[in-house]
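If you want the building blocks of each chain, they are given just below.
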Amino acid sequence: MAAVTASSFPSQRWSELLDRLGGIARAHADVALASSLAAEDMVLTHAILDGGLPIEIFTLDTGRLNAETVAMIDRIAGRYGRAIGVVRPDPAAVEEYVAAHGPNAFYESVDLRKACCEIRKVAPLRRVLAGRSAWITGQRREQAVTRGELPLDEPDPVFGLHKYNPLALWTQEEVWAAIRALDILYNPLHDRGYPSIGCEPCTRAIRPGEDLRAGRWWWESSDSKECGLHAGNLSAIPVSVVTTKQPG
Ligand code: SF4
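Residues numbered from 1 in each chain as written. Predicted model: local features only at pLDDT ≥ 70, side-chain atom pairs only at ≥ 80, totals over all residues.

Draft legend 1. Spatial organisation of the site of the ligand. Around the ligand, the surrounding shell holds 13 residues, and the nearest of these are Cys116, Cys117, Arg120, Cys199 and Cys202. The residue makeup of the shell around the ligand, split by class, is 7 nonpolar, 2 polar and 4 charged. (Near = placed C-beta within 6 Å. Nonpolar A, V, L, I, M, F, W, Y, C, P; charged D, E, K, R; others polar.)

Draft legend 2. Structural detail: the packing of helix 4 (residues 91-101) against helix 5 (residues 110-129). Between helix 4 and helix 5, the least distance of the axes is 10 Å, while the angle of their chain directions is 165°. The orientation of helix 4 with respect to helix 5, classified from their angle, is roughly antiparallel. Note that helix 4 runs across helix 5; the crossing there is left-handed. Two secondary-structure elements touch here, helix 4 through Ala93, Val94, Tyr97 and His101 and helix 5 through Leu112, Ala115, Cys116, Ile119, Arg120 and Ala123. Its residues assigned to classes, the contact of helix 4 with helix 5 shows 8 nonpolar, 1 polar and 1 charged. (Axes fitted to C-alpha atoms, helices over the stretch in contact; angles between N-to-C directions. Helix = DSSP H or I, 4+ residues; strand = E, 2+ residues; numbered from the N terminus. Parallel < 35°, antiparallel > 145°, perpendicular 65-115°, else oblique. Left-handed = near helix turned anticlockwise from the far one by under 90°. Contact = placed C-beta atoms within 7 Å.)

Draft legend 3. Just the environment of Leu167, in detail. Turning to its location among the elements, Leu167 is positioned in the loop between strand 6 (161-164) and helix 6 (172-181). Every residue in contact with Leu167, bar those within four places of it in the chain, is listed here: Glu40, Val43, Leu44, Gly138 and Arg140.

Draft legend 4. A look at the nonpolar core. Counting residues in hydrophobic clusters, the biggest one holds 50 residues, and the most contacted among them are Ala39, Val43, Ile136 and Ile179. Secondary structure elements with two or more residues in this core: helix 1 (11-27), strand 1 (32-35), helix 2 (39-50), strand 2 (56-60), helix 3 (67-80), helix 5, strand 4 (134-136) and helix 6. (Core = buried A, V, L, I, M, F, W, Y, C linked by C-beta atoms within 7 Å. Buried ≥ 20, exposed ≤ 12 C-beta atoms within 10 Å, placed from the backbone.)

Draft legend 5. Looking closely at unusual backbone geometry. Phi is positive for Leu37, close to 70°, though the residue is something other than glycine. With respect to the element layout, Leu37 can be found in the loop between strand 1 and helix 2. C-beta crowding within 10 Å serves as the criterion here: with 27 such atoms nearby, Leu37 is assigned to the buried category. Although it is not a glycine, Asp183 sits at a positive phi angle of roughly 55°. Here Asp183 lies in the segment after helix 6.

Draft legend 6. The arrangement of the environment of Cys199 in detail. Along the chain, Cys199 turns up in the segment after helix 6. Judged by the 21 C-beta atoms lying within 10 Å of it, Cys199 is buried. In sequence terms Cys199 and Leu65 are 134 residues apart; their C-alpha atoms lie 4.5 Å from each other. Leaving out residues up to four positions away in the same chain, Cys199 has contacts with Thr62, Arg64 and Leu65.

Written out as structure tokens, the structure is:
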């Protein structure tokens, strides 16, 4: 966990974030935050709900999330009095995949892993983004080799709308300083060595010094580690392996 204190959080960063989100909401009445319920997305969720911003929030419940992650949905409703949307995969597509390949076929090949992500994450996301003009993500540049050039906003050629990454320039220390300073809810898995949280069978805790996303699809190489939600990132990979700085 990042060694930061509430007092180390710069309030300027928070004002900039609120201004940026407010601008996005004014430009796109139909914009939505796609939340993974991990730390970055909880920072954005707090900014939106506490700040009363007219931005929809939804999460993708793949059916393979940790219980701690699923519990965040009710915790958010309890804290802010507003439920977030929950988007689920097509049950028939899931059934078909499991019948053909087994429940954990994603360990067998990158293709089968991507096929599972397509059914459980990408297709539901495509469905919920259809007809919108923009979406918001909690991606940050320092999270992974695939995100080193991440802009604050960009056209999204994968889903055909505009994508905003308002935390692109934030450090991990800033994310956690905001969480401490503003008493933002967070997934308890973060306290158990999970800086990045995804589906339960595809995410493990990381060891000191490991890349922040080393626990995601750990059996694959660093440069294939996107689930398809941010497939455009893969075109900007400068090198095959990068080590991301761990917080002090
Ligand atoms: S992260 Fe794993 S379980 Fe989740 S959708 Fe992708 S392959 Fe399937």
